[in-house]
Amino acid sequence: MKDWVHPAVRRGTLWFKIQAIGLGGLAAIFVILAILDRTTKTLIYAIVACIVAVVLGYLARRAIKQLRYDYRYEEEEGNPADQP
């Protein structure tokens, strides 16, 4: 059985993963178009799309980690009253 995950973390993770996959697909489409039609305009679009996909993929991973941190539970981090 999977561990219980806070609903906000589950929704946020799904949203950010879909966003990253969609932008990666869009970047792939631009790269294919740049390969088929070698104009300067399509090459620039492909390069920009790849850079944006990588940056937003990184930001999505960071946002997912932040969600997991924001919605952690007391038993995961230890009870401050138990510490000396």
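It should be noted that the structure appears before, not after, this text.
Cut-offs used in this document
- Residues numbered from 1 in each chain as written.
- Predicted model: local features only at pLDDT ≥ 70, side-chain atom pairs only at ≥ 80, totals over all residues.
- Heavy atoms only, no water.
- Patch = residues over 30% accessible without salt bridge, like charges linked within 9 Å, V, L, I, M, F, W, Y side chains within 5 Å.
- Areas by Shrake-Rupley, 256 points an atom, 1.4 Å probe, with all protein chains shown as cover.
- Salt bridge = Lys/Arg side-chain N within 4 Å of Asp/Glu carboxyl O.
- Helix = DSSP H or I, 4+ residues; strand = E, 2+ residues; numbered from the N terminus.
- Polar contact = N/O pair within 3.5 Å; in protein donor to acceptor, adjacent residues only side chain to side chain.
- Contact = heavy atoms within 4.5 Å.
- Expected span 1.5 Å × (residues − 1).
- Buried < 20%, exposed > 50% of the residue type's maximum accessible area, 1.4 Å probe, protein only.
- Phe/Tyr/Trp six-rings, centres within 6.5 Å; stacked < 30°, edge-to-face > 60°.
- Axes fitted to C-alpha atoms, helices over the stretch in contact; angles between N-to-C directions.
- Parallel < 35°, antiparallel > 145°, perpendicular 65-115°, else oblique.
- Left-handed = near helix turned anticlockwise from the far one by under 90°.
- Nonpolar A, V, L, I, M, F, W, Y, C, P; charged D, E, K, R; others polar.

> Can you lay out a nonpolar patch on the surface for me, pointing to particular residues and giving the numbers?
Judged by side-chain polarity, Ile47, Ile51, Val55, Tyr58 and Leu59 come together as a nonpolar surface patch covering roughly 480 Å² of accessible area. Its place among the elements puts valine 55 in helix H2 (residues 40-70).

> Can you explain the side chain of threonine 42? Please cite residues and give values.
Note on placement: threonine 42 falls in helix H2. A polar contact of 2.6 Å, which involves the side chain of threonine 42, links it to the backbone oxygen of aspartate 37. In contact with threonine 42, not counting residues within four places along its chain, are Leu33, Ala34 and Asp37.

> Tell me about helix H1 (residues 7-36), residues and numbers included.
One turn of an α-helix holds 3.6 residues; hence residues three or four places apart share an orientation. Taking 1.5 Å of rise per residue, the 30 residues of H1 would be expected to cover 44 Å, and the 43 Å separating its terminal C-alpha atoms lies within 8% of that figure. Of all the positions in H1, only Ala8, Val9, Gly12, Thr13, Ala27 and Ala34 are classed as buried. Packing partners of the buried residues in H1 comprise H2.

> How would you summarise the packing of aromatic side chains if you had to cite specific residues and measurements?
This model, assessed by the stated rule, comprises one aromatic pair. Seen from their ring centres, phenylalanine 30 and tyrosine 45 are 6.1 Å apart, and the 55° between their planes marks the pair as tilted. Taken as a pair, phenylalanine 30 in helix H1 and tyrosine 45 in helix H2 lie far apart in primary sequence, 15 residues in all. Overall, phenylalanine 30 belongs to the partly exposed group, its relative accessible area being 26%. Residue classification places tyrosine 45 among the partly exposed residues on the basis of a relative accessible area of 42%.

> Could you give me a rundown of the packing of H1 against H2, with the residues and numbers involved?
Axis separation between H1 and H2 bottoms out at 8 Å; the angle between their running directions is 165°. Here H1 lies roughly antiparallel to H2, going by the angle between them. Crossing handedness for the pair H1 and H2: left-handed. Looking at the contact of H1 with H2 residue by residue, the classes come out as 20 nonpolar, four polar and two charged.

> Mind laying out H2, listing which residues take part and the relevant values?
When the terminal C-alpha atoms of H2 are compared, their 44 Å separation across 31 residues agrees well with the 45 Å that a helix rising 1.5 Å per residue should span. Every buried residue belonging to H2 is among Thr42, Ala46, Ala49, Ala53, Ala60, Ile64 and Leu67, and all of these are buried. Buried residues along H2 sit in contact with H1.

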